[in-house]
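# Chain and residue survey
The lines below spell out each chain.
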Amino acid sequence: MTGPDTVRCDLLPEWTPLDLARSVEGGPLVLLEGTDLRGQRYALVGWGMDGQVCSVEEAARAVPDRPDVDGAPPLLWAWVGSLDWDGTARFWRPARCALFQWDQGLLWWRGALPDAVGHRGGEAVVAPGHGTGALPAAADRTRAPGNPRRARLLWDRASYCAAVRKAQRHMAAGRVQKMILSVPMELPWEGSSLLLYERLTAGGPPGLRFLLDPGDGGGALVGVSPEPLVKLSGGKVQMRVLAGTRKSVPGAEAELTGSEKDREEHRVAVEQARRDLLSVCRPKSVAVTAFMEVERHPGLVHLASSLVGRLTPGAGPGDLVRACFPAGTVGGIPRREAVALIEALEPLPRGWYAGALGAVLPGGDLDLWLTIRSVLHRDGVVRIRTGAGLVPASDPEAEWQECMNKAAHTLAALGGELGED
């Protein structure tokens, strides 16, 4: 018999992580694609729930120190979950999971595979009537409706621009250097969360592609995060900061790199990230390894920088998360003052937006990404939120347009369009 912690391995099957997720949907479900750990690319599908905790520290204590199977990737034993903007956390251990190890051409799984895929004669197989063969053609599954639906904006342009000007008065008074204001909106969605995931991730965009649904009725987080909050592996910390954005059109790269406003926004964000690392890392280990590079994502161009550090003795994953959460690129600088101003100016609580999600791995390693370019699917509605970074030189109308540019790609994938009614 196969117990809940029995681990097996075989060559990669013909079916995909999405096929497997479809065969187990209906309860707690996690699907992570695009994660890169120690130079290896993985996709994780986990289903069911075997334990739940409310902090990164608790998850780190609950994960075994090391896997009990030689060669098995540590991600098989990870706890997965999310932190909301206000720091509320929930992580759980999938009762069963499968791990696609792309670079090695291997499928690992813990516990039993579902009947829809199964295992036969030394290979993982798709049962008749399930998996790849039963799914419609990709073009049919991801095609947007013919008549776009208009998203309902939950903050109007005039009020947003007025809030930008108020934020700039706080900057002029020296209370904050930079902050992000975000626009909430919503769109009806009659399909499943997995169909939503397939639409948003069509084409395999860079970043972490994810679906996270605890199965408790609170909704599913779905999206593609372009920016890690933080990665921790064997005591080594990595950060990748994105700040400064343009719509991807001819000439966008030159305009972005030549914009003093965007360059200043980026410099401030990198300096904050550096200070965050210095608070928990050995001082001489903290370094900016790449500065103000151009990074392209679907529909957008960003300025990006990379930082590294090594945790000080006695510091753990919880200390690291507290030092850099919420991220300066989605909150503001100084952190406390910017968060208070955001909560005073924005029309609705952020909830999931600008929080983080991902995995806590054996040994306390972390792979956490920002919940941006993401949506919450609940009760037949997709809730979307996009933000823009404000500095003293910001133009309110331009910041509004940046929020709309960021939302446009997501809405187009869902057969929606922007509306300002």
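First, a word on scope: everything that follows refers to the structure included in this document. Computed from a predicted structure; not experimentally measured.

Here the focus is the packing of aromatic side chains. On inspection of all chains with the given rule, the structure shows four aromatic pairs. Ring geometry for tryptophan 155 versus tyrosine 160: centroids 5.3 Å apart, planes at 80 degrees, classification edge-to-face. Each member of the pair, tryptophan 155 as well as tyrosine 160, is classed as buried. Here the aromatic cluster, defined as three or more aromatic residues joined through ring pairs, consists of Trp15, Phe100 and Trp102. Lying across the ring of tryptophan 85, arginine 350 places its NZ or CZ 4.3 Å from the centre.

Turning our attention to the pattern of salt bridges. Proximity of charged atoms lets side chains of opposite charge pair with each other. Within the structure shown, the criterion is met by 25 salt bridges. In this structure, lysine 261 and glutamate 265 form a salt bridge, with 2.9 Å as the shortest nitrogen-oxygen distance. Of the two residues, lysine 261 and glutamate 265 are both situated in helix α7 (residues 260-278); the distance of four residues between them amounts to about one turn of the helix. By relative accessible area, which is 4% here, glutamate 265 ends up buried. Between glutamate 271 and arginine 275 there is a salt bridge, and its shortest N-O distance comes to 2.9 Å. Here glutamate 271 pairs with arginine 275, and both are found in helix α7, just four residues apart, close to one helical turn. Bridged by salt links that share partners, the residues Glu57, Asp319 and Arg322 form one connected network.

A few words now on the nonpolar core. If you look at the biggest cluster of nonpolar residues, it comprises 122 residues, and the most contacted ones within it are Tyr160 and Met179. What methionine 179 contacts, discounting residues up to four positions off in sequence, is Ala167, Met171, Gly331, Gly332, Ala338, Leu341, Ile342, Leu345, Ala388, Gly389 and Leu390. In this structure, Ala252, Met292, Val301 and Leu303 belong to the second largest nonpolar core, which totals five residues.

What follows is about the packing of helix α1 (residues 17-24) against helix α5 (residues 193-200). Look at α1 against α5: their axes get within 10 Å of each other, and the N-to-C directions meet at 165 degrees. It follows from the interaxial angle that α1 and α5 lie roughly antiparallel. As α1 packs across α5, the resulting crossing turns out to be right-handed. Here Leu18, Ala21 and Arg22 of α1 come into contact with α5, specifically with Leu194, Tyr197 and Glu198. Looking at the contact of α1 with α5 residue by residue, the class counts come to four nonpolar, no polar and two charged.

Let's shift gears to the pairing of strand β8 (residues 106-110). Of all five residues making up β8, four are buried, and the element is well covered by its neighbours. Strand direction decides the pairing type here: strand β1 (residues 7-11) and β8, joined by five bridges, are antiparallel. Its bridge partner being in β8, arginine 8 is matched across the sheet by tryptophan 109. In sequence, strand β7 (residues 96-101) turns back onto β8 through a hairpin of four residues, with glycine 105 there showing a positive phi of about 70 degrees.

For the bond from phenylalanine 325 to proline 326, the omega torsion is -10 degrees, close enough to zero to count as cis. With respect to the helices, strands and loops of the structure, proline 326 is situated in the loop between α8 (317-324) and β20 (332-333). The omega torsion of the bond from isoleucine 333 to proline 334 falls at -10 degrees, within 30 degrees of zero and hence cis. Along the chain, proline 334 falls in the loop between β20 and α9 (335-345).

Time to look at the sheet that holds strand β4 (residues 52-53). With antiparallel pairing, the nine strands of this open sheet are ordered in space as β4-β6-β5-β21-β22-β16-β17-β19-β18. Of all the strands in the sheet, just β4 and β18 (287-297) have a single pairing partner and so form its edges. Looking at chain direction, strand β16 (residues 228-233) and strand β22 (residues 366-370) are connected through four bridges and run antiparallel. Across the sheet, proline 228 pairs through a bridge with tryptophan 369, a residue of β22.

Burial runs high along strand β23 (residues 374-378): four of the five residues are buried. Where strand β15 (residues 220-225) lies against β23, four bridges are found, and the strand directions are antiparallel. Its bridge partner lying in β23, glycine 223 is registered against serine 374. Sheet analysis places β23 next to strand β24 (residues 381-390), joined by four bridges and oriented antiparallel. Considered in β24, the bridge of histidine 377 is made with valine 382. Here β23 hands over to β24 after two residues, with aspartate 379 in that stretch at a positive phi of 55 degrees.

Our next topic: empty space enclosed by the protein. The rolling of a water-molecule-sized probe over the atoms marks out the regions of remaining empty space. According to the stated counting rule, one finds four cavities of 30 Å³ or more in the structure shown. Of the volumes computed, that of the largest cavity is approximately 240 Å³. Taken together, 21 residues make up the lining of the largest cavity; nearest its centre are Thr329, Ile372, Arg373, Gly387 and Lys406. Counting residues per element, the ones that place at least two in the lining of the largest cavity are β13 (178-188), β17 (236-247), β24 and α10 (396-413). A breakdown of the residues in the lining of the largest cavity according to their chemical character gives seven nonpolar, seven polar and seven charged. Space inside the second largest cavity adds up to approximately 190 Å³. Residue lining of the second largest cavity: 14 residues in total, with Val224, Pro298, Arg373, His409 and Thr410 positioned closest to the centre.

Attention shifts here to α9. Looking only at α9, the buried set comprises Arg335, Ala338, Val339, Leu341, Ile342 and Leu345. Each buried residue of α9 lies within a common arc of 165 degrees when the element is viewed along its axis, so the set occupies one face. The exposed set on the far side of α9, more than 90 degrees from its buried face, consists of Arg336, Glu343 and Ala344.

Here is what the cut-offs are and how they apply
Residues numbered from 1 in each chain as written. Predicted model: local features only at pLDDT ≥ 70, side-chain atom pairs only at ≥ 80, totals over all residues. Heavy atoms only, no water. Phe/Tyr/Trp six-rings, centres within 6.5 Å; stacked < 30°, edge-to-face > 60°. Buried < 20%, exposed > 50% of the residue type's maximum accessible area, 1.4 Å probe, protein only. Lys NZ or Arg CZ within 6 Å of the ring centre and 35° of its normal. Salt bridge = Lys/Arg side-chain N within 4 Å of Asp/Glu carboxyl O. Helix = DSSP H or I, 4+ residues; strand = E, 2+ residues; numbered from the N terminus. Core = buried A, V, L, I, M, F, W, Y, C linked by side-chain atoms within 4.5 Å. Contact = heavy atoms within 4.5 Å. Axes fitted to C-alpha atoms, helices over the stretch in contact; angles between N-to-C directions. Parallel < 35°, antiparallel > 145°, perpendicular 65-115°, else oblique. Left-handed = near helix turned anticlockwise from the far one by under 90°. Nonpolar A, V, L, I, M, F, W, Y, C, P; charged D, E, K, R; others polar. Pairing = 2+ DSSP bridges. 1 Å grid on protein atoms, 1.4 Å probe; cavity = no way out; pocket = protein on both sides within 12 Å on 5 of 7 lines; lining within 4 Å. Points joined across faces, edges and corners; volume = space filled by probe spheres on them. Arc of directions from axis to C-beta.

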